[in-house]
Every structure is written in C-alpha cells, then in structure tokens.
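Structural features, examined
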Amino acid sequence: MHGKLIHVDDGKRSHALLGSSNFTVNGLGLGSTPNIELNLVVDGDRDREDLLAWFNELWTDESLTDDVKDEVLRALEALYAHASPEFVYFKTLLHIFGDYLTEQADEAEQFEQTAFEQTAIWQALFDFQRDGLRAILTKLERHGGCILADSVGLGKTYTALGVIKWHEKRNKNVLVLCPKKLRENWTDYLAINNSELNPLRADRFGYTVLSHTDLSRDKGKVGDIDLSKIEWGNYDLVVIDESHNFRNASRNRSANSRKSRYERLMDDIVKAGLKTKVLLLSATPVNNDLTDLKAQLDLISADHNDGFSEVGVPNLSGLIGAAQRRFIDWAKSGDRDTAALLSSLPPALFGLLDGVTIARSRRHVERHYAASMERIGHFPKRAAPVSVFPSIDIEGGFPSFESVDDRINGLELALYSPLVFVLPEYRHLYDKGGNFDQGNRERYLIAMMKSGFLKRLESSINSFCLTMDRMIGRIDQRLRELNAFDEATSVNVELGDEDELDEELEEALEVGGALKYKLAHIDRPRWKAALERDRERVLGLANAARMVTPERDAKLAKLVEIVREKASRPASNRNGELNRKVILFTAYTDTALYLYEQLLPVAEELGLEAGLVTGTECKATFGRAHFQDILVNFAPRAKRRADMKKAEHNGEIDLLIATDCISEGQNLQDADLLVNVDIHWNPVRLIQRFGRIDRIGSLNEAIRMVNFWPTEELNRYLGLKGRVEARMRLVDLSATGDDDLLNKTTEAEGDLRWRDEQLLRLKDEVFDLEEAGGGVTLADFALDDFRADLLGFAKTNEQALRDAPLGLHAIVPNEVEGRSLDPGAIFCLRRRPPAPNPDQVKINPLDPYYLVYVRDDGTVRFAFGQPKRILEAWRALSLGHSEPFEILCNAFDDETEQGERLDRYDALISAAVKSIGETSAKRTLASLTAGRATRIPDEAAQARASSEYDLITWLIVRPAEVAA
C-alpha cells in the first residue's frame, strides 16, 4: 500500500484525507467498479497544518520537482483541439505498428555495418523490393520462414536474390528449388557461369539450384551435382520458387520406399542437419482449399504443430481445420463474398499469415512508392485483351475441336495400362496396395495423356500431329515386343514423354518409380488387340492432322497477320521510339519450334530479328543462340545491355517465341505486345506470362495481350475442358484414399469453376491475381499496406507522433471515393495492462490494441476481429486530409457545447467496449472448440466489457451533408 495525501481547503477551513486512494474516479469510489481502499480522516488542525507544510516543502524543492504546467496545458489544448484526420490516422498506426519502425531501423543499421548496400543486387533493387527484403529477413529470423507473395510483375526473384546474398555474405549454404522449366532463371546468376551478360556477376552467387522433380530422384546428375552424394541436410536457407507446387504434403505409402518430393524436402532438408530457414515464393491465390497453406506453413515450422505458438497458434492443424470448415460452408453458400469469408475466419489465422507473409500488390507499390516511380517509371496502361478464334484448317477438312475430343475420349490407351491385362493369378505381384496403387497410377496416367492430347491440339495442329506420330511409334514398339515374346522378357510401364505431361501433375507418377511387367504374366492376345485398336484410332487422327499443312494452318495465318501488323504499324514508347517487339507464348516446345521455322521467312521479309527460347533449345538470327543472350537482345533496356561491355550492341531481336520457361522471373518490358498462342487452363499462368511486359519502369504507354481461343463458343469450350479436368480430378481424388471424398470433390469442382470464371474474365480484361473474385489471397490477411503508410510518414514526423497525447480525435465526412460509410465513430483502445498477452493474441492479433467501428445508433459496423476492414476505412476517410474539416469541427463544438457534453460519444465508446467483451468471449469459446493446446488468457489479460482501456485515438464520421 502506497499512502496518498488529499488536502482540501474550502475557504473556511482545511480538510485532509490520508490513505490508499488514488485521485481517480474508481479510487474515490465514484466509478461503477470502485476500488477497495483504506483511508483515515485527519481531524487535528495541527496535523493538517504539518501535512500541508510537508507537501509545500516537497512542491517547492526544485531538485525534486519539475514545473510541467505549460506542458500539461499544451497537452490539454492538443487533446481538446481538433486534429487533422491524417495525423490521427498515423498516430493510430504508430501505436499498433510501432515495433515495425524499430525493426526497420535495426535492419538498416545492420546493412550499414555489413556494407550490404554496396552489393550489386542491392543496387539493382527498387525501393519497395528493398523494404520487402528487410521485412523478409526479420520474419526469417523471428519465425524461421517467410512466404513472399507479391503480385506478378513485382520482381520476387530479385527480392529473393537479395535474401540469398545476405546469407551468402555470412557463409551460409543456400539451396534454390524451382520448377524445371524455370531452372535457367536461377542458374544464369551463378558465378560459375562467368557470363558478361549476368548483371549480378560482381556478387559471385554460389547457391545450389535443383528442380522440384530432382527431389524424388536418388541418383543421377544435375549439371555437376551428383544427387547420390548430395548432403541434403547441409543447407542454412532453402528458397522454393512456385511453392504452391508443395501444397500437397503427400507421403509415399506404396510398397517400395521411394520418397515423394515433399518427404525429401521436409525430412531430409528442413528437419535434418542444420537448422534450415525457408523462403517460399508464390503469387497463387487460395481459391478453394485453405489446407493448401498447411503444407507450406509446416515447412516453415519444420513440421512442428506448435511451431507458431508465439503468434498465437498453439495448434496449427486445429486452426487450419477450423478455417477450412468455415471456408467450405462459405463456398457452399454460393454467395462467394470475400468480405463475408474473411469476417468468419478464426482471428489467429490473420495474426499467423500477417506474421509470416509479405504480400504487396501493384496498387500498394503505386500508393506507397510514388516518388520512386516518378524516378524509375510507372506501370504501363493495360489495353483490353484481344480474343482470336481461328479455325484449325483453312479448308475445313479437319474435324472440329469437340469431335476430336470425343475420339480422344474413346481411346483405351492400353499402352499405359498393362495391369488391366495381367492374368488374375499374377495380379498381386504388381498391385500391392497403398494410397496410390498401381491401378490408380495407370488410370491417372491415361487421364493425363488424354488431357495432354487435347491441349496439344489447342496449341497447334503441328504439335498434335507429332504427338499422334510419337504415340504410334510407341504402340508399334510394344507390339514388336509382344510378337517377339520370350518367357524371360520384361517390359516397363510407359510413363510418356516428360515434355508431354503437365509438371503440376508429374509428382503422382514419380512416387513408386517404374514397374516392370513380365510378358509371361500378361494376357498377351487381349493386350495386343487393345493396342491395335488404339493404333487404328490414333493413326486416323494423325492422318487427318497431316493433311493440314502450314499453308492450311488457320492459326499460323493469323499469327503471320499479327506479326505483319506489328511491324508495319508499331506504337511509339515514351522516348518516341518505334516498338516492333512481340512475344509469342506457347506451352509446348513442338509448337514453339514450328512457329519459329514458319515465321522466319516472314521476319526476314519485314526486317525483324527473331529468337526462340524453350527449356531445351534456343535459336536466334541475331547474337548468340544462348538463353540469356536472346533475352538481353530482345529487351536491351530492361536487361541493361548498355552496361554489358561484351554484349552485341548493333541490333535487337523483335520477335521472340518462347515456352513457359520464361513465364516467370524475367524483365521483358521493352515489348508492348504479348500473344498467347494457346490458352493455359490455369489462368494464373496467363497472368504470369503477361507479367513479363506488365512491369514497373516500362517505357510503353500501353501494353496489350492477344489470346488465341480454340473456339468462339467459350462456354461450350469450358464445358469440354471441364469434362477433361473432371476425369483427371476423379482419378486423382480416388487415389488419395481421403475419407472425405464428397467434400474434396466439391472443393475440386469449385476450383474448376473459379478457373473457368477467371479465364472468361481474361477475355475482356487483364487483372491482378488479388483482384480475382471468388477466393482469397495472402494479401487479404496481411497488414503491410498500413506499415508502409506509417514508415513513409514517420521518416519526417515520427517525433511529432510520439509527442502527441493520447485521446486525439478528428472529424471527417462519411463520403469517400464515390461511396458512403456509416456515420458513427471508430475507436482505437488499448487494454490495461498494455503488455500483449500471448494467449490473448489468439483472440486478437493486435492485442493490446482494439479497433471498433460503431454506428451512430450504437450498433457495431466492424468489431475488433476485422482490423483490416477498419483500417482501410480509417485510411480512406483520412489520408490526404492534413487539415481539420472546419465546418464539421464547428458543428461538433456546437453539438457538444465545446466538448462539455459528450454523452452521445460516451454511449458510442461504451458500445465499443461492450462489443470488445462480447467478441472476445465468442472468440475464446471458438478457440477452445477449434482443437487441443488452447489456453484461456489469465483474467487480467482478458478483454472484457468490465476491463479498463486507454483511449488512444478516435475518428468521428459525420454525414457528408453536414460538411456541405
């Protein structure tokens, strides 16, 4: 007990009270929950005089006291004055995100100490990439991992290279895992290549690059790397490009012991040997399955279910399970309102993803880095896409797209299903069970091959013809083996050419390895008959395709027309230079080679230099026919060719034909026209392709995408595509052994619908992935926008923000950006005691701060569980308003009699506090039912309606007509 003296002189005589009471409402017993105090009335005149003398002695001792009268008056004046809306917004952010400023300052100091700012990669980064790099390093240090989910076109590869260089300067071993088609995007920066065309050669990068598919191999070589001798557990950092490919934590439960990709990554790299940090690169949205995130988050936590306890997630499986159940309920509702979904998800999910994710959008960069963009250039304007619907055969002799699909669907593809023909007494030797047994494996492969045939036809008639010819060759080889039967002869299961399979679908076939069948165990006559039936049907398709020569190829004719139009009527860029550059993208090497050969004479006639880039072959009419040389010569400005002394400077490539090996990680914004020769069935890939030219710093005023569709009847096409994909999904799902097959099927169908909706949308507009409807992105959970707001303002105003008193308010009209927000008030409150509580963080990721938006009638518009929605509203109402709204302030003063009568606002803040208690109770109960390892916060740390709160800031939202 700390004694207090209260001395009162009423003008007649003095009074004194001595005891434990503070001079507060509750201390004096005037509050709704008065304190229990012990006090004594001093009734002796001499005692009162002695106490007053003692007080005056202390009060006048300048060594013990400071005169703060003027400071208090200034604080009171500021408290009762109307502040500018913008300043109150930033004062709010300072309290909520103040630690971020400290972290950024610490990172900047470390950069100076290590001379990191002198590295080539740092010099090459834009400001927003540098800020992202610093934030990633903080998250890697704090959580052991980070998901970099910036939008397409914002340079995730370069940001990741900055992270890699930071670790390499500390002598750390780094492994990069990427899709096979993107391998050269990473290997080109390695010092071992000693290439003059490497813009980062001064940094002498030495990281290891492996493909995702290499993880399922036990032997063989990748360049100079012997996979049988590699020390998987010796990496300090692993960078995973297109990490969404690891969204399925599949484990091999088949008879042999071959590991899946995910098992190798988790068990041998992340969990074994050195403590490994994980950087995941992905821009793919979460469309229909939040459990996609679980496998990736497990990589960060090294498969520890309680690995995120410090951010309020003691049970990751329970959290993701609860979130997925709400996701499924939301998806079944049919409304697909993203806001409704976000408001229903567990709050701990927001804290978790905000803690481990960097997710900036194009709009984020435009808003927060305006000054930088003035210097380096803006994003180009996106023109509406052009849709082209060419027929297959100019003469009309080739069957329709739909008819060919029917014929493909009728194929048995017996070549890929020998198990069907195994004699019953031997079947057990080949089909040994497991979640992906041999029967499912072969059915999956057949579905994949049929899908591939249809995609080949969509790509080009030439590619389709070559594919049919290869199929005939394989069937003929198998028939020869059957005709030359020997008791000891064994044959392998055909797995198809790797180039013909979608990389996204390959993993299921890798697990288990190749299986040999003894011909003596097979019903050979029946298998031979089935093979011959397939051969006859495939030959019919091949012969029909062979009739469509280049002269009859309708798609080729249209491409020639586009190239001629571009060359003869080029647009001018901002420097006044004519731009004749065009990129033709295709999914298949066969098509790319065919187009290059057929368009070369056209390019020569038009005076255009041409280049071809695929994952296996490069060609060029100008410069060296090497991967990086071709890209540098196609985009000399974006690739900074002028700084490369040994590069050729006397020409440029204007026509580039490429596969998806350059659909990511390449700056090709010298071009302003991109043509999708075939429509990838995943809309994400189309947006990634366009991201090669839709990049910051482009000199082009506008850019354009041309899409080649296989038929004008898009709904019919999507229905056809859907049937093919449904066949794939049915086999895939039945192979998983998942007990919840009905829900999984519903989710898969939802994903296909989402893809179809976005494909149709791409017919009319190009959009960012985070703007795609019907799902959520990681950016929906991140609060990076507000941290960036604070960082920018605090550079020149941090001290003013810190000096400003608590309780600041501002008044704003409710109309913003052509819409109206509900009149009322937004409160930022701080729970007492103010120290954040790890158990309460599960209930409110911003604890001890609570944001509540209350309408004028006392109902709650947004409770504290929706901090992003509240901050978005606060920003929209306040940003750019650096002076108070005078008319609104005068009306407020009149209404409250200069702040004397605040009954109305007392009622609103009481409603806010009540809402905090109710919402906290509901979320506590929900967390208890979500899974094990959940604790209720201690009573003192709980946010209740009866708890004490500090009013940090508040924003009064008034009807716009009041301000008129």
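The name an unreviewed UniProt entry gives the protein is ATP-dependent helicase HEPA, with Erythrobacter dokdonensis DSW-74 as the organism.

In summary, soluble globular proteins display a tendency toward joint burial of nonpolar side chains. Among the nonpolar cores identified, the biggest contains 52 residues, and Ile-240, Leu-265, Leu-297, Leu-299, Phe-308, Leu-345 and Leu-352 are the most heavily contacted of them. Not counting chain neighbours up to four residues away, the residues in contact with Leu-299 comprise Ile-240, Tyr-262, Leu-265, Met-266, Val-270, Val-278 and Leu-280.

A word on the packing of aromatic side chains. Using the criterion set out here, one finds 20 aromatic pairs in the structure. Here the aromatic residues Phe-827, Phe-892, Tyr-905 and Trp-954 are joined through ring pairs into a cluster of three or more. The ring of Phe-205 has Lys-165 sitting right over it, with the charged end atom 5.7 Å from the ring centre. A cation sits over an aromatic face here: Arg-170 above Trp-166, 3.5 Å from the ring centre.

As a further point, take the sheet that holds strand S3 (residues 39-42). The strand order across the open sheet built from three strands is S1-S2-S3, with neighbouring strands paired in antiparallel fashion. Strands at the two margins of the open sheet, each flanked by one partner only, are strand S1 (4-9) and S3. Here the strands of the sheet are splayed against their neighbours by 20° on average, with no regard to which way each runs. As judged from the six bridges shared by S1 and strand S2 (residues 14-19), these two strands associate in the antiparallel manner. Residue pairing for S2: Asp-9 is matched across the bridge by Ser-14. Against the sheet, helix H1 (residues 45-59) contacts S1, S2 and S3, and its axis sits at roughly 110° relative to S1.

The next thing to look at is the packing of helix H3 (residues 85-114) against helix H26 (residues 784-803). The N-to-C vectors of H3 and H26 enclose an angle of 100°; their axes lie 8 Å apart at closest approach. Judged on the interaxial angle alone, H26 and H3 are roughly perpendicular. On H26, the residues that touch Glu-86, Phe-87, Tyr-89, Phe-90, Lys-91, Leu-93, Leu-94, Phe-97, Gly-98, Tyr-100, Leu-101 and Gln-104 of H3 are Phe-786, Arg-787, Asp-789, Leu-790, Leu-791, Phe-793, Ala-794, Glu-798, Ala-800, Leu-801 and Arg-802.

For the rest of this paragraph, the subject is the pattern of salt bridges. Summed over the entire model, instances satisfying the criterion amount to 54 salt bridges. Glu-481 is paired through a salt bridge with Arg-478; the nearest N and O atoms lie 2.6 Å apart. Taken together, the positions of Glu-481 and Arg-478, both in helix H17 (residues 461-483) and three residues apart, correspond to about one turn of that helix. The buried category is assigned to Arg-478, whose relative accessible area is 4%. Between Arg-569 and Glu-565 there is a salt bridge; the shortest N-O distance is 3.3 Å. Through salt bridges with shared partners, a single network forms among Lys-181, Glu-242, Asp-660, Asp-678, Arg-685 and Arg-689.

The next point concerns the pairing of strand S9 (residues 237-241). Judged by how many residues are buried, S9 sits mostly within the fold: five of five residues are covered. Of the two faces of S9, the one lined by Leu-237, Val-239 and Asp-241 and the one lined by Val-238 and Ile-240 are each fully buried. Here four bridges tie strand S5 (residues 174-178) to S9, and the two strands are oriented parallel to one another. Its bridge partner lying in S9, Val-174 is registered against Leu-237.

Let us look at unusual backbone geometry. Between Arg-832 and Pro-833 the backbone carries a cis peptide bond, its omega angle lying at -5°. Along the chain, the position of Pro-833 falls in the loop between strand S27 (824-831) and helix H27 (838-841). The amide bond that connects Asp-847 to the next residue, Pro-848, takes the cis arrangement and shows omega of 15°. If you trace the backbone, Pro-848 turns up in the loop between H27 and strand S28 (849-855). The residue Gln-898 is not glycine, and still its phi comes out positive at about 60°.

Let us now look at empty space enclosed by the protein. Any space left empty among the atoms is revealed by the rolling of a water-sized probe across them. As enumerated under the stated definition, the model contains five cavities of 30 Å³ or more in all. Considering the residues around the largest cavity, the lining is formed by 18 residues, among which Lys-156, Thr-157, Glu-664, Gly-665 and Arg-692 are closest to the centre. Both domains that furnish three or more residues to the lining of the largest cavity are identified here as domain 3 (115-304 + 357-361) and domain 4 (382-388 + 551-712). Taken as a whole, the second largest cavity encloses approximately 140 Å³ of empty space. Around the second largest cavity, the lining is made up of 13 residues, and of these Ser-391, Ile-392, Leu-457, Glu-458 and Lys-555 lie nearest the centre. Of the residues forming the lining of the second largest cavity, the biggest block, three residues, is contributed by helix H16 (residues 438-459).

On to a negative patch on the surface, then. On the surface, Asp-43, Asp-47, Glu-49 and Asp-50 cluster together into a negatively charged patch. Turning to its location among the elements, Asp-43 is positioned in the loop between S3 and H1. Judged by its relative accessible area of 65%, Asp-43 is exposed.

Rules of the game
- Residues numbered from 1 in each chain as written.
- Predicted model: local features only at pLDDT ≥ 70, side-chain atom pairs only at ≥ 80, totals over all residues.
- Heavy atoms only, no water.
- Core = buried A, V, L, I, M, F, W, Y, C linked by side-chain atoms within 4.5 Å.
- Buried < 20%, exposed > 50% of the residue type's maximum accessible area, 1.4 Å probe, protein only.
- Contact = heavy atoms within 4.5 Å.
- Phe/Tyr/Trp six-rings, centres within 6.5 Å; stacked < 30°, edge-to-face > 60°.
- Lys NZ or Arg CZ within 6 Å of the ring centre and 35° of its normal.
- Pairing = 2+ DSSP bridges.
- Helix = DSSP H or I, 4+ residues; strand = E, 2+ residues; numbered from the N terminus.
- Axes fitted to C-alpha atoms, helices over the stretch in contact; angles between N-to-C directions.
- Parallel < 35°, antiparallel > 145°, perpendicular 65-115°, else oblique.
- Salt bridge = Lys/Arg side-chain N within 4 Å of Asp/Glu carboxyl O.
- 1 Å grid on protein atoms, 1.4 Å probe; cavity = no way out; pocket = protein on both sides within 12 Å on 5 of 7 lines; lining within 4 Å.
- Points joined across faces, edges and corners; volume = space filled by probe spheres on them.
- Domains from an automatic or database assignment.
- Patch = residues over 30% accessible without salt bridge, like charges linked within 9 Å, V, L, I, M, F, W, Y side chains within 5 Å.
- Areas by Shrake-Rupley, 256 points an atom, 1.4 Å probe, with all protein chains shown as cover.
- Lys, Arg positive; Asp, Glu negative; His and termini not counted.
- Charge placed at Lys NZ, Arg CZ, Asp CG, Glu CD.

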